[in-house]
Amino acid sequence: MIALAALFAVLGAASNAMGTAFQRKAAATVACGGGLRLVLALARRPAWLVGIAGVVGAAAFQALALLNGPLALVQPLFILELPFALLIAIPLLHRRLPRAGWGAVAGVAAGLALLLTAAAPAGARDEASMARWIPVLIGCLGALAAAVVLARPGRSSLFRAAVLGSASAVSNALTAALLKSATATLADDGFEAFLRCWQTYGFAVTGVAAILFLENALQAGSLAASQPALTIGDALVSLVLGITLFGETVRTGWWLLPEAAGAALIVWGVLRLTRVVPHLQDVTG
């Protein structure tokens, strides 16, 4: 089951990467605007529609992954979205990845493998009581409200991109937690129970919020500001939600040393990639 969850998570990361790459291509063509106005403008662009198809496919793979494994395993694997997105965007934009970029991709993959092998996330519970959900919802929704206030127009583009990327990360993690609970209801009690489950409508709303935050983060500033907050934040918040909501566990003690080393390697790789991206060489030049 764990291996199946990991496979679906990797496929989901690849599908989401395709979505991000095409959404980034579309967002770059919109000069101004935000919120729903930005989405309405993007909806007229074929590249954005391809991107949304990638996001929908990713959601399906994510649901299958969460049905077969813990949140603390599945969501960190979505860190692979960043190197996947870069590898997809390179031919899409007719660019060449330098040697430093390949080293960063290898660093992210190796760091993730080390982190997850050392942490060995585990957990069998797919549902949580309202006593667990209420503080989680208050904390996450409060963080999103704070991000909206902090990212108001007039702030620096780097700050707004980082804040909106962080908000998208929180939205993604909360969506995954709600999706895990809803798909468990679907598997155990059928489609009718799935439609009666509040988590079903919850993940739909937070999923839309994640897309809105992502689109605005991509438009607000550079990838170097938004992507680390989005990629690393999603994994960290998901780890906390997995432990808090579903009682998932990770290894501690001396295992914290290789876990920290893996996390540091991921952070290095992500930061390195965001510095490489603006300097990609044109293969036609």
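Preceding this section is the structure that the text describes.
The structure presented is a predicted model; accordingly, all values stated were derived computationally and were not measured.

Considerations on helix 7 (residues 130-150)
Owing to its 3.6 residues per turn, the α-helix brings residues three or four apart onto one side.
Move 1: For helix 7, with 21 residues, the first-to-last C-alpha span of 30 Å sits near the 30 Å given by 1.5 Å per residue.
Move 2: Here helix 7 has its buried residues at Trp133, Val136, Cys140, Leu144 and Ala147. With its buried residues spanning 75° around the axis, helix 7 presents them on a single face. Exposed residues lying more than 90 degrees from the buried face of helix 7 are Ala131, Ile138 and Val149.

Some details on the layout of surface pockets
Move 1: By volume, the largest pocket amounts to about 650 Å³.
Move 2: Lining the largest pocket are 30 residues, and of these Asn16, Val55, Ala59, Gln62 and Asn172 lie nearest its centre.
Move 3: Secondary-structure elements contributing two or more residues to the lining of the largest pocket are helix 1 (2-27), helix 3 (46-68), helix 5 (81-92), helix 8 (157-189), helix 10 (198-220) and helix 11 (223-246).
Move 4: Of the residues contributing to the lining of the largest pocket, the split by class is 17 nonpolar, eleven polar and two charged.

Remarks on the environment of Phe246
Move 1: Take Phe246: it is sitting in helix 11.
Move 2: Sequence separation of Phe246 and Ala128 is 118 residues, and the distance between their C-alpha atoms is 6.0 Å.
Move 3: Those residues within four positions of Phe246 in sequence are excluded, and the remaining contacts are Leu71, Arg125, Asp126, Glu127, Ala128, Trp133, Ala177, Lys180 and Leu241.

Overview of the packing of helix 1 against helix 3
Move 1: Between helix 1 and helix 3, the shortest axis-to-axis distance is 7 Å and the interhelical angle comes to 165°. Comparing their axes, helix 3 and helix 1 come out roughly antiparallel. Here helix 1 runs over helix 3; the crossing is left-handed.

What about empty space enclosed by the protein?
Move 1: This model, assessed by the stated rule, comprises one cavity of 30 Å³ or more.
Move 2: Counted as a void, the largest cavity has a volume near 40 Å³.
Move 3: Lining of the largest cavity is provided by Leu164, Gly165, Ser168, Leu214, Ala217, Leu218, Ser226, Gln227 and Leu230.
Move 4: Across the lining of the largest cavity, the residue classes tally to five nonpolar, four polar and no charged.

Some points on the packing of helix 7 against helix 8
In helix packing, the relevant descriptors are the interaxial angle and the interaxial distance, both defined with respect to the helix axes.
Move 1: With their axes 9 Å apart at the nearest point, helix 7 and helix 8 run at an angle of 155° to one another. One element, helix 7, and the other, helix 8, form an angle in the roughly antiparallel class. Crossing of helix 7 against helix 8: the hand is left-handed. For the pair formed by helix 7 and helix 8, the contact residues are Trp133, Val136, Leu137, Cys140, Leu141, Leu144, Ala147 and Leu150 on the first element and Phe159, Val163, Ala167, Val170, Ser171, Leu174, Ala177, Leu178 and Ser181 on the second.
Move 2: For the contact of helix 7 with helix 8, the class distribution of residues is 15 nonpolar, two polar and no charged.

Each value, and the rule that gives it
- Residues numbered from 1 in each chain as written.
- Predicted model: local features only at pLDDT ≥ 70, side-chain atom pairs only at ≥ 80, totals over all residues.
- Heavy atoms only, no water.
- Helix = DSSP H or I, 4+ residues; strand = E, 2+ residues; numbered from the N terminus.
- Expected span 1.5 Å × (residues − 1).
- Buried < 20%, exposed > 50% of the residue type's maximum accessible area, 1.4 Å probe, protein only.
- Arc of directions from axis to C-beta.
- 1 Å grid on protein atoms, 1.4 Å probe; cavity = no way out; pocket = protein on both sides within 12 Å on 5 of 7 lines; lining within 4 Å.
- Points joined across faces, edges and corners; volume = space filled by probe spheres on them.
- Nonpolar A, V, L, I, M, F, W, Y, C, P; charged D, E, K, R; others polar.
- Contact = heavy atoms within 4.5 Å.
- Axes fitted to C-alpha atoms, helices over the stretch in contact; angles between N-to-C directions.
- Parallel < 35°, antiparallel > 145°, perpendicular 65-115°, else oblique.
- Left-handed = near helix turned anticlockwise from the far one by under 90°.

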